[in-house]
Amino acid sequence: MFISIARPAVEPIGPDTVAVPGSPAIAELSPRAMHARLLENAALRRLRGVERKQAHRDDDAGYWFTAAPMAVRKASALRENKSFAPIP
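Peer 1: I'm lost on the overall build of the chain in this one. Help?
Peer 2: The helix and strand tally for the chain stands at two helices and zero strands. Relative to its full complement of 88 residues, the chain shows a buried share of 14%. Put simply, 44% of the contacts in the chain that link residues at least 6 apart link residues at least 24 apart. With the model as given, the accessible surface of the chain reaches about 7,400 Å², and the carbon-plus-sulfur share is 60%.

Peer 1: Please clarify how the pattern of salt bridges should be interpreted in this entry.
Peer 2: When the charged atoms of two side chains lie near each other, side chains of opposite charge can form a pair. Inspection of every chain in the model, using the stated rule, returns three salt bridges. Asp-58 is the salt-bridge partner of Lys-53, the closest N and O atoms lying 3.7 Å from each other. The class for Asp-58 is partly exposed, based on a relative accessible area of 49%. As a salt-bridge pair, Arg-57 and Asp-60 come within 2.4 Å of each other at their nearest N and O atoms.

Peer 1: Can you help me understand the packing of helix H1 (residues 31-54) against helix H2 (residues 58-81) in this one?
Peer 2: The description of two helices packed together rests on the angle between their axes and the distance between the axes. Interhelical geometry of H1 versus H2 gives an angle of 165° and a closest axis separation of 8 Å. As judged from the angle between their axes, H1 and H2 are roughly antiparallel. Our pair here, H1 against H2, has a crossing hand that is left-handed. Residue composition of the contact of H1 with H2, by class: 16 nonpolar, two polar and nine charged.

Peer 1: Which parts of the structure should I look at to understand H1?
Peer 2: What sets the pattern is the α-helix's 3.6 residues per turn: residues three or four places apart point alike. In this model H1 runs 35 Å from its N-terminal to its C-terminal C-alpha over 24 residues, within 8% of the 34 Å that 1.5 Å per residue would give. Turning to H1, its buried residues are His-35, Leu-38, Ala-42 and Gly-49.

Peer 1: Looking at this model, I keep getting lost on the environment of Leu-78. Mind explaining?
Peer 2: Mapping Leu-78 onto the fold places it in helix H2. For Leu-78, a relative accessible area of 16% corresponds to the buried category. Considering only alpha carbons, one finds Leu-78 and His-35, 43 residues apart in sequence, at a separation of 6.9 Å. If near-sequence neighbours (up to four positions away) are discounted, Leu-78 is found in contact with Pro-31, Met-34, His-35 and Leu-38.

Peer 1: Looking at this structure, how should I read the packing of aromatic side chains?
Peer 2: Aromatic ring pairs are described here by two measures, namely the spacing of the ring centres and the angle between the planes. Considering all chains together, one arrives at one aromatic pair under this definition. On the numbers, 5.0 Å between centres and 75° between planes, the contact of Tyr-63 with Trp-64 is edge-to-face. Above the plane of the ring of Trp-64 lies Arg-48, whose end atom (NZ or CZ) is 5.1 Å from the centre.

The rules behind each value
Residues numbered from 1 in each chain as written. Predicted model: local features only at pLDDT ≥ 70, side-chain atom pairs only at ≥ 80, totals over all residues. Heavy atoms only, no water. Helix = DSSP H or I, 4+ residues; strand = E, 2+ residues; numbered from the N terminus. Buried < 20%, exposed > 50% of the residue type's maximum accessible area, 1.4 Å probe, protein only. Contact = heavy atoms within 4.5 Å. Areas by Shrake-Rupley, 256 points an atom, 1.4 Å probe, with all protein chains shown as cover. Salt bridge = Lys/Arg side-chain N within 4 Å of Asp/Glu carboxyl O. Axes fitted to C-alpha atoms, helices over the stretch in contact; angles between N-to-C directions. Parallel < 35°, antiparallel > 145°, perpendicular 65-115°, else oblique. Left-handed = near helix turned anticlockwise from the far one by under 90°. Nonpolar A, V, L, I, M, F, W, Y, C, P; charged D, E, K, R; others polar. Expected span 1.5 Å × (residues − 1). Phe/Tyr/Trp six-rings, centres within 6.5 Å; stacked < 30°, edge-to-face > 60°. Lys NZ or Arg CZ within 6 Å of the ring centre and 35° of its normal.

Rendered as structure tokens:
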């Protein structure tokens, strides 16, 4: 029995962090956009923790509550590394 490895019909072009054939390429975000995305991620993690706590799933809630500050730390580190121009 022979097995041939076929190449996918669609291959990623450029910097594709997902690297899945057929997936759209991820555009580079500005530092402000990345900062906003990280803060939104932290808020969503906190909300997920509240939902889990209300569902009496304390182990899951604990995970999400500890994951939220990590996103805030990443956002603050990004803000320190990249100086943002003042908003006009």
